[in-house]
Amino acid sequence: MKVNLRIPGKLFIVGEYTSVEGSKSIILPTKKTINFEVVSDKSFIILSNQWNSDIIYNPKNLDTNETWGKGLKIAYDFLKQQNIKLIPNKISVDSDLDVGKVKLGLGTSGAFLVGVIQSVLQYHKVFLSPHETYKLSVLALKNKFEYSSFGDIACSCFNRPILYRKPDKLTEKKFLKDSLEKRWKGLIIKPLETKFPIFVINTGRAGHTEKLVQLYKKKVSTETRKKFIRLIDKYVKIFKVALEEKNIREIKNIILYCYHVQIKMDQFMDKKIITKEMNEIFTIGEKYNIVGKVSGAGGGDNIFFIKEKNEKFNKFMIEINNKYKNIDGLIRGIEN
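Residues numbered from 1 in each chain as written. Predicted model: local features only at pLDDT ≥ 70, side-chain atom pairs only at ≥ 80, totals over all residues. Heavy atoms only, no water.

When its volume is computed, the largest pocket comes out at roughly 1300 Å³. Lining the largest pocket are 47 residues, with Thr108, Ser109, Gly110, Asp152 and Thr209 positioned closest to its centre. Contributing elements (two or more residues each) for the lining of the largest pocket: β1 (2–14), α1 (67–81), α2 (108–123), α4 (151–158) and α6 (209–219). Of the residues in the lining of the largest pocket, the class split is 16 nonpolar, 20 polar and 11 charged. Roughly 290 Å³ of internal volume is contained in the second largest pocket. In terms of lining residues, the second largest pocket is bounded by 14 residues, among which Ile74, Asp77, Leu139, Lys142 and Leu176 are the most central. Of all the secondary-structure elements, those providing two or more residues to the lining of the second largest pocket are α1, α3 (130–140) and α5 (176–181). Among the elements that take part in the lining of the second largest pocket, α1 stands out by supplying 5 residues, more than any other. Of the residues in the lining of the second largest pocket, the class split is 4 nonpolar, 3 polar and 7 charged. (1 Å grid on protein atoms, 1.4 Å probe; cavity = no way out; pocket = protein on both sides within 12 Å on 5 of 7 lines; lining within 4 Å. Points joined across faces, edges and corners; volume = space filled by probe spheres on them. Helix = DSSP H or I, 4+ residues; strand = E, 2+ residues; numbered from the N terminus. Nonpolar A, V, L, I, M, F, W, Y, C, P; charged D, E, K, R; others polar.)

The next subject is the pairing of strand β5 (residues 89–95). Side-chain alternation along β5 places Asn89, Ile91, Val93 and Ser95 on a buried face and Lys90, Ser92 and Asp94 on a face that remains uncovered. Looking at chain direction, strand β2 (residues 25–40) and β5 are connected through 7 bridges and run antiparallel. Bridge pairing in β5 places Glu37 opposite Ser92. As judged from the 4 bridges shared by strand β3 (residues 45–48) and β5, these two strands associate in the parallel manner. Paired with Ser48 across the two strands is Val93, which belongs to β5. (Buried < 20%, exposed > 50% of the residue type's maximum accessible area, 1.4 Å probe, protein only. Pairing = 2+ DSSP bridges.)

Okay, here's the thing in structure tokens:
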């Protein structure tokens, strides 16, 4: 038996930091994917085009310090609880989400985790719904609940633009299947059908999301973070309606408001969100009156701007494309 899967990454549009603590967010999947192939073997093996060598592992003794180990452990635990015999296999992983060794900040670790879990389960003829896969993936990372929104996982599971809100807490039962069947209070994963009029730029520098989220919680007071959550929830609601109505003026206003929230966060965080490269790109945007914001935690990775059909935007695109990489072609849900 052979299993082949293609798992997308993500691009945050609105609600990056605040989604960790319960605001809504909007996230797009990538067209590029991490690709998984599972075939029978005499041993349990996992290999990746990002690694120097194959790893032979024992399902009873997995390295759970690594993302792949966390994914394999919870997948095999699930199978054991269902009294399904474990079959030796080889998992081959080939990532298109990064360019060589260059990290693009498109949710590689979340897609990797989801793909490992789905690969193992489907190889053993167990097929979960996107909601169930999301819950099992989150349970694999339960020690990161305080510092992760798990929005990348949701986007990888559903492979569609989504309105997302993380659960208020994890629902853990003795048996994993019972955890998956229970309603998780506060969880929202709602597919969005609208197209996004954006232009996405990679800054050429990799960010470090978990470190930045930890810094955010350390530097920004609880009361201020609550204010940011209320603001972003308000902006997400208006932004969603503006997208549906194709109201470019309102879309620009909301993205501009979100950018100003990011500037305030950046000031609290010793200017770790908006890098030198980002400042250069935003300065070019201001010259042409083009509105944009950081996607994700910042410190590198990606920026997007609202597309407009005018000469100023055309000039902006030409100037930006001469210096930075346009990654529109990697993202699903963007207007042509």
